[in-house]
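Observations on the three-dimensional arrangement
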Amino acid sequence: MAILVIAEHDNSSLKGATLNTLASAAQIGGDIHLLVAGSGCEAVAQEAAKAEGVGRVLCVDAPIYEHQLAEDVALLVAECGRDYSHILAPATTNGKNLMPRIAALLDVAQISDITAVENENTYRRPIYAGNAIATVQALDPIQVITVRGTGFDPVSASGGNAEVQMLSAASAAGLSRFVGEELAQSDRPELTAARVVVSGGRGLGSGENFAILEKLADKLGAAVGASRAAVDSGFVPNDMQVGQTGKIVAPELYIAVGISGAIQHLAGMKDSKVIVAINKDEEAPIFQVADYGLVADLFDAVPELEQKL
Amino acid sequence: MKVLVAVKRVIDYNVKVRVKADNTDVDLANVKMALNPFCEIAVEEAVRLKEAGAATEVVVVSIGPKACQEQIRTALALGADRGIHIETDTSPESLSVAKLLAKVVEQEQPGIVILGKQSIDSDNNQTGQMLAALTGMPQGTFASKVSVIDGSLNVTREVDGGLQTLALKLPAVITTDLRLNEPRYAKLPDIMKAKKKPLEVKTPADLGVELREHTRLLKVEAPATRQAGIKVASVDELVEKLKNEAKVI
Ligand SMILES: Cc1cc2nc3c(=O)[nH]c(=O)nc-3n(C[C@H](O)[C@H](O)[C@H](O)COP(=O)(O)OP(=O)(O)OC[C@H]3O[C@@H](n4cnc5c(N)ncnc54)[C@H](O)[C@@H]3O)c2cc1C
Ligand SMILES: Nc1ncnc2c1ncn2[C@@H]1O[C@H](COP(=O)(O)O)[C@@H](O)[C@H]1O
């Protein structure tokens, strides 16, 4: 029994989520192969070979995989994945886009967002915005799974010494073409990997007002997140949304500012170790999950907090 | 061009669901049900394509028990032209849903199929991608902007790093993200009119699909609850607690 893990990367470096997925693979048990499909991605393959627990790196370096379009990568994995018992990828937007397509090509189910491994075919995963935890058994010969990073502590990025095997590209699907992208530029830590996250909601009132959160975040070395309402109102871009249908975070410290605490938001942050809520409405549901709640106007409290740290 | 929209009946998003005492599933008895919010966005997008002259007909399909017809009627009230209900005892797994939808695609030959990115009950986020694979179509998932340009479809997608735009060959599958549009409210006359719109009922057997079990739900439990926290009286107290009690700063 061998497990194929699909690496998350941008052709220049391996993304941290891959290390959490490798940890889940180690819990399932068996030989672990890591697939790096990209273009000009040799550095990623070298990095992947050092990750703890990786037995072999499969590297497919071809122009058609430059943007890892699901139509093309799925054809590749449906071909080279047939001999594995499990195919795993991080539950990132990439993984979520790709894995169901692979599963359907293999005529097997896909299990989304696992947070725990019970045994080699049984997993736990949150459903209903995390208001219930399902234990699900896979019955298919190949199990195609996406892994929620917050459920598994990452394996070490170093210490491994796997062989890198080059594979040739599969045929091109010829269905989709990359047109362009607008990627957020930030010097702050990545939201899903940050030790501290400061998030703002509708209470911030405007995009400009997010500056007071950014100041606080800079002081704490934190990432900045947001509620759906803050994104929908155009205060901040979509990649900052935390929640059931956004990013899932579980930092050491989560500070929710001007966020009411709707179940969809809680779904994305309630596994944080320590939660602080700052809200002027003492009845706000966010206080039900907060370890420390401060009933105050955020425009007074946040600058004061930043000063006093 | 015809647009096909898949809609699912799910728990209303405002309801906090409870787990059954015997841990077999969640308790949906007497719970308010609704159109999955992402499906509402899908219907709205299809209707806008029709209003803009890019589409000629909007067909909605839902799979599940008879009660799904309520959600099909909701979609018809929002502007869809006709409905298809594929009747099953329970809502099937995503792969089975995708197989049934693939048959409907074969029969209806739509130019665009729009689904929600995610059901808010199973939180699967799978069906659109599976349907695209089964029908050999390209997929524009998590769409926040869609435009038909020279016979191809440009889709802007919400991805972890920001936004990505793809050009897809038609026919294509789209799954909706929250920012694609803001769905309208159905007006009373439209709700009345929707009752008269055609709604065809089929079974999986009619479509020649045999539903298989690919996964088994062994247990459903309530999540771990958090210890109730405290309210602090001032920023000073907050800083003190974070430093000395929680030791996180
Ligand atoms: C299908 C679906 C998916 C969703 N997915 C997500 C998701 O992934 N993530 C997400 O976050 N939401 C999601 N939502 C939306 C969710 O239901 C809520 O609408 C949203 O989280 C509310 O955001 P908010 O708390 O910022 O705004 P509000 O609920 O409007 O709360 C604003 C809060 O700010 C406080 N406030 C205002 N001014 C001040 C001030 N000066 N000082 C201090 N406090 C102040 C108010 O007391 C209030 O509590 C989803 C909804 C649906 C239907
Ligand atoms: N039973 C169903 N009937 C019709 N459409 C469905 C059904 N289940 C899922 N879908 C569609 O697939 C989307 C994604 O669902 P899921 O993959 O279950 O998260 C939904 O938003 C619907 O558009």
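Residues numbered from 1 in each chain as written. Chains lettered and ligands numbered in written order. Predicted model: local features only at pLDDT ≥ 70, side-chain atom pairs only at ≥ 80, totals over all residues. Heavy atoms only, no water.

Points about the UniProt feature "domain: Electron transfer flavoprotein alpha/beta-subunit N-terminal" (unreviewed entry) in chain A
The residues that UniProt annotates with the feature "domain: Electron transfer flavoprotein alpha/beta-subunit N-terminal" (unreviewed entry) are residues 3-182 of chain A. Strand forms 34% of residues 3-182 of chain A and helix 25%; the C-alpha atoms that close the span are 34 Å apart. (UniProt positions renumbered as here; feature names shortened; annotations may be inferred. Helix = DSSP H or I, 4+ residues; strand = E, 2+ residues; numbered from the N terminus.)

Looking at the site of ligand 1
Taken together, 29 residues lie around ligand 1, and Arg202, Ser227, Gln241, Ser260 and Asn279 of chain A are the ones closest in. More than a single chain frames ligand 1: its nearby residues are located in chains A and B. In this structure, Arg202 of chain A approaches ligand 1 through a side-chain N or O atom, which is 2.6 Å from an oxygen atom. In the model, a nitrogen atom of ligand 1 is placed 3.1 Å from a nitrogen or oxygen of the Lys280 of chain A main chain. Against a free-state accessible area of 990 Å², the protein chains account for coverage of 86% of ligand 1. Every element with two or more residues in the shell around ligand 1 is listed here: helix 6 (228-232), helix 7 (263-266) and helix 8 (298-308) of chain A together with helix 1 (37-51) of chain B. The class makeup of the residues in the shell around ligand 1 is 11 nonpolar, 13 polar and 5 charged. (Near = heavy atom within 4 Å. Polar contact = N/O pair within 3.5 Å; in protein donor to acceptor, adjacent residues only side chain to side chain. Areas by Shrake-Rupley, 256 points an atom, 1.4 Å probe, with all protein chains shown as cover. Nonpolar A, V, L, I, M, F, W, Y, C, P; charged D, E, K, R; others polar.)

As for the interface of chain B and chain A
Between chain B and chain A, the contact holds 78 residues from the first and 83 residues from the second. Buried area between chain B and chain A, both sides added, is near 6800 Å², and the carbon and sulfur share of it is 53%. It is Asp160, Arg226 and Val235 of chain B that lose the most area in chain B upon contact with chain A, and together they represent 11% of the buried surface on that side. If you look at where chain B meets chain A, you find 6 salt bridges. Across the pair Arg124 of chain A and Glu221 of chain B runs a salt bridge, and its minimum N-O distance is 2.6 Å. Listing elements by their share of the side of chain B that touches chain A, those giving two or more residues are helix 3 (94-108), helix 4 (127-135), strand 7 (139-149), strand 8 (152-159), strand 9 (162-169), strand 12 (215-221), strand 13 (230-232) and helix 6 (235-245) of chain B. Of the residues assigned to the side of chain B that touches chain A, the class counts are 38 nonpolar, 18 polar and 22 charged. One ladder, built from 7 bridges, connects strand 11 (residues 176-183) of chain A with strand 9 of chain B; its direction is antiparallel. Bridge pairing in strand 9 of chain B places Leu183 of chain A opposite Gly162 of chain B. (Contact = heavy atoms within 4.5 Å. Buried area = accessible area lost by both parts, 1.4 Å probe. Salt bridge = Lys/Arg side-chain N within 4 Å of Asp/Glu carboxyl O. Pairing = 2+ DSSP bridges.)

Topic: the packing of helix 3 of chain B against helix 4 of chain B
Residue and element names in this part refer to chain B. Look at helix 3 against helix 4: their axes get within 8 Å of each other, and the N-to-C directions meet at 50 degrees. Classified by the interaxial angle, the pair formed by helix 3 and helix 4 is oblique. The handedness of the crossing between helix 3 and helix 4 is right-handed. For the pair helix 3 and helix 4, contact is made by Ser94, Leu95, Val97, Ala98, Lys99, Leu101, Ala102 and Val105 and by Thr127, Met130, Leu131, Leu134 and Thr135, respectively. Residues of the contact of helix 3 with helix 4, tallied by class, amount to 9 nonpolar, 3 polar and 1 charged. (Axes fitted to C-alpha atoms, helices over the stretch in contact; angles between N-to-C directions. Parallel < 35°, antiparallel > 145°, perpendicular 65-115°, else oblique. Left-handed = near helix turned anticlockwise from the far one by under 90°.)

Remarks on the packing of helix 3 (residues 70-80) of chain A against helix 4 (residues 93-105) of chain A
All names here are of chain A. Two elements in contact, helix 3 and helix 4, have axes whose closest approach is 9 Å; the angle formed by their N-to-C orientations is 45 degrees. Between helix 3 and helix 4, the angle falls in the class oblique. Handedness of the helix 3/helix 4 crossing: right-handed. For the pair helix 3 and helix 4, the contacting residues are Ala70, Glu71, Val73, Ala74, Leu75, Val77 and Ala78 in the first and Asn97, Leu98, Arg101, Ile102 and Leu105 in the second.

Remarks on the sheet that holds strand 8 of chain B
The mixed open sheet is built from 10 strands, whose spatial order is 11(A)-9(B)-8(B)-7(B)-10(B)-6(B)-1(B)-4(B)-5(B)-11(B). Looking at the sheet topology across the chains shown, the edges are occupied by strand 11 of chain A together with strand 11 (199-202) of chain B. Here the strands of the sheet are splayed against their neighbours by 25 degrees on average, with no regard to which way each runs. Alignment of strand 1 (residues 2-6) of chain B against strand 6 (residues 112-116) of chain B, held across 3 bridges, turns out to be parallel. Bridge pairing links Val3 of chain B to Ile112 of chain B in strand 6 of chain B.

Points about the pairing of strand 5 (residues 82-87) of chain B
All names here are of chain B. For strand 5, the tally of buried residues reaches 5 of 6 residues, placing the bulk of the element in the interior. The pairing of strand 4 (residues 57-64) with strand 5 spans 6 bridges and is classified as parallel. Within the sheet, the bridge partner assigned to Val60 lies in strand 5 and is Gly83. Considered for its hand, the β-α-β crossover made up of strand 4, helix 2 (residues 68-77) and strand 5 is right-handed. Pairing of strand 5 with strand 11 involves 4 bridges; the strand directions are parallel. Counted as the bridge partner of His85 is Val201 from strand 11. (Buried < 20%, exposed > 50% of the residue type's maximum accessible area, 1.4 Å probe, protein only. Right-handed = clockwise from strand over helix to strand, strands pointing away.)

Focus on the environment of Asp206 of chain B
Residue and element names in this part refer to chain B. With respect to the helices, strands and loops of the structure, Asp206 is situated in the loop between strand 11 and strand 12. Given the relative accessible area of 52%, Asp206 is considered exposed. Between the alpha carbons of Asp206 and Ile86 there is a distance of 9.2 Å; along the sequence they are 120 residues apart.

Side note on the domain arrangement of chain A
Residues and elements named next belong to chain A. We note that the domain assignment places domain 1 (2-166) and domain 2 (191-308) within chain A. Once you take the C-alpha centre of each, domain 1 and domain 2 turn out to be 30 Å apart. Across the boundary between the two partners, domain 1 contributes 5 residues, which contact 7 residues of domain 2. Together domain 1 and domain 2 conceal approximately 560 Å² of surface at their shared face, both sides included; 55% is due to carbon and sulfur atoms. Of all residues in domain 1, Ala129, Arg148 and Thr150 bury the most surface against domain 2, accounting for 73% of the area lost on that side. (Domains from an automatic or database assignment.)

Focus on the UniProt feature "domain: Electron transfer flavoprotein alpha/beta-subunit N-terminal" (unreviewed entry) in chain B
Mapped onto this structure's residue numbering, the UniProt feature "domain: Electron transfer flavoprotein alpha/beta-subunit N-terminal" (unreviewed entry) falls at residues 23-211 of chain B. Helix makes up 30% of residues 23-211 of chain B and strand makes up 31%, while its end C-alpha atoms are separated by 25 Å.

Brief notes about the site of ligand 2
Residues and elements named next belong to chain B. Near ligand 2 there are 20 residues, and of these Ala6, Ile63, Ser119, Asn125 and Thr127 occur at the shortest range. Between Val7 and ligand 2, the recorded distance is 3.4 Å, taken from a backbone N or O atom to a nitrogen atom. The side chain of Ser91 places a nitrogen or oxygen atom 3.3 Å from a nitrogen atom of ligand 2. Contact with the protein chains covers 99% of the free accessible surface of ligand 2, which is 480 Å². Listing elements by their share of the shell around ligand 2, those giving two or more residues are strand 4, helix 3 and strand 6. Ranked by residues supplied to the shell around ligand 2, first place goes to strand 4 with 3 residues. Classifying every residue of the shell around ligand 2 gives 7 nonpolar, 12 polar and 1 charged.

Quick look at the packing of aromatic side chains
Applying the stated criterion to the full structure yields 0 aromatic pairs over all chains. One Lys or Arg, Lys117 of chain B, reaches over the ring of Phe142 of chain B and ends 5.7 Å from the middle of that ring. Positioned above the aromatic ring of Phe287 of chain A, the side-chain terminus of Lys231 of chain B is 4.7 Å from the ring centre. (Phe/Tyr/Trp six-rings, centres within 6.5 Å; stacked < 30°, edge-to-face > 60°. Lys NZ or Arg CZ within 6 Å of the ring centre and 35° of its normal.)

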